[in-house]
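# Coordinate analysis (summary)
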Amino acid sequence: MTNKIKAVTSLCILSVVVLIGVLMSFGSKAHTQTFDFKNSDSISIGDIEGNHLTEIKGADKTFIENFCSVKNAVNGNVETPACFFDTVEIIIVKDNETYIIYPSGDDCNNLAIDYKGESYYGGMADSMVTFKSILRKNNIPWYWG
């Protein structure tokens, strides 16, 4: 009898552990979102205080759309990277939705995306060097060098 009780107890514990793992897996997927900004209606960039706000067009707009598009961005309620998002603000309007994006200035290569009252974090999809050259060309200050 004792071996049967141990076997049943072990099976119950294993089942609970597997169930918790499955539930956590589903929970983490619910806290990610993909952002595709290709063919957006408009893009404006300014410094963090909202000064120097400039509409970006043409090839630079296409670059920024790709730069800010993120797969599987993590909801800020789940995870917040230890990066600084305090220099530039990118405002993207797509399909009557407004997204505000803050690129990290500290070589973290992350973006903070504010959307519908939630914050998401994901990796930059393109070159920071090209992004900084677009800022310089449009007289938008970048304080991180």
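Now for a quick tour of the structure. Here the residue index of a chain counts from 1 through its sequence in written order. The predicted nature of this model means local features are confined to residues of pLDDT at least 70 and side-chain atom pairs, given and counted, to a pLDDT of 80 or more, with totals for whole chains, interfaces and linings taken over all residues. Water and hydrogen atoms were dropped before computing side-chain values, which therefore reflect all heavy atoms in the structure.

### Examining the packing of aromatic side chains
This is how it is decided: Centres within 6.5 Å are what make two rings of Phe, Tyr or Trp a pair, Trp counting through its six-membered ring; a difference in plane orientation under 30 degrees is then read as stacked, over 60 as edge-to-face, and the rest as tilted. Numbering of helices and strands starts at the N terminus; helices are DSSP runs of H or I of at least 4 residues and strands are runs of E of at least 2. For every residue, the accessible area obtained with a 1.4 Å probe (protein chains only) is divided by the maximum for its type, and the residue is called buried under 20%, exposed over 50%, and partly exposed between those limits.
For the structure shown, the criterion picks out 10 aromatic pairs. Between Phe35 and Tyr115, the ring centres sit 6.0 Å apart and the planes meet at 85°, which makes this aromatic pair edge-to-face. One end of the pair, Phe35, is in strand 1 (residues 32-35); the other, Tyr115, is in strand 7 (residues 110-115), with 80 residues separating them in the sequence. Here the two residues Phe35 and Tyr115 agree in accessibility, since each one is buried. A centroid spacing of 5.6 Å and a plane angle of 40° characterise the contact between Phe85 and Tyr121, whose relative ring orientation is tilted. One end of the pair, Phe85, is in the loop between strand 4 (70-75) and strand 5 (88-94); the other, Tyr121, is in strand 8 (residues 118-123), and 36 residues separate them in sequence. Ring pairing ties together the aromatic residues Phe35, Phe37, Tyr99, Tyr115 and Tyr120, which thus form one cluster.

### Digging into the sheet that holds strand 7
Here is the rule we go by: For two strands to be treated as a pair, DSSP must find at least two bridges joining them. Contacts are residue-level and defined by heavy atoms, with any inter-residue pair within 4.5 Å sufficient. Only the contacting stretch of a helix is used when fitting its axis, a line to C-alpha atoms as for every element, and angles between N-to-C directions run 0 to 180 degrees.
Spatial strand order, 1-4-8-7-6-5-2-3: 8 strands in an open sheet with antiparallel pairing. Looking at the sheet topology across the chains shown, the edges are occupied by strand 1 and strand 3 (54-55). Here helix 2 (residues 58-68) sits on the sheet in contact with strand 2 (42-47), strand 4, strand 5, strand 6 (97-103) and strand 7, set at roughly 80° to strand 2. Packing against the sheet, helix 3 (residues 128-137) makes contact with strand 2, strand 5 and strand 6, and its axis sits at approximately 95° to strand 5.

### So, the state of the cysteines
Note on terminology: a disulfide is the covalent bond linking the sulfur atoms of two cysteines. Defined as follows: Cysteine sulfur atoms that pair up within 2.5 Å are treated as a disulfide.
Counted by the stated rule, this structure contains 1 disulfide. The disulfide partner of Cys83 is Cys108, and the gap between their sulfur atoms is 1.9 Å. Note on the Cys83 and Cys108 pair: the S-S dihedral is about -60°, so by sign convention the disulfide is left-handed. Highlighted residues: Cys83 in the loop between strand 4 and strand 5 and Cys108 in the loop between strand 6 and strand 7, separated in sequence by 25 residues. Here Cys83 falls in the buried class, since its relative accessible area comes to 13%.

Everything listed is a geometric property; what it means functionally is a separate question.
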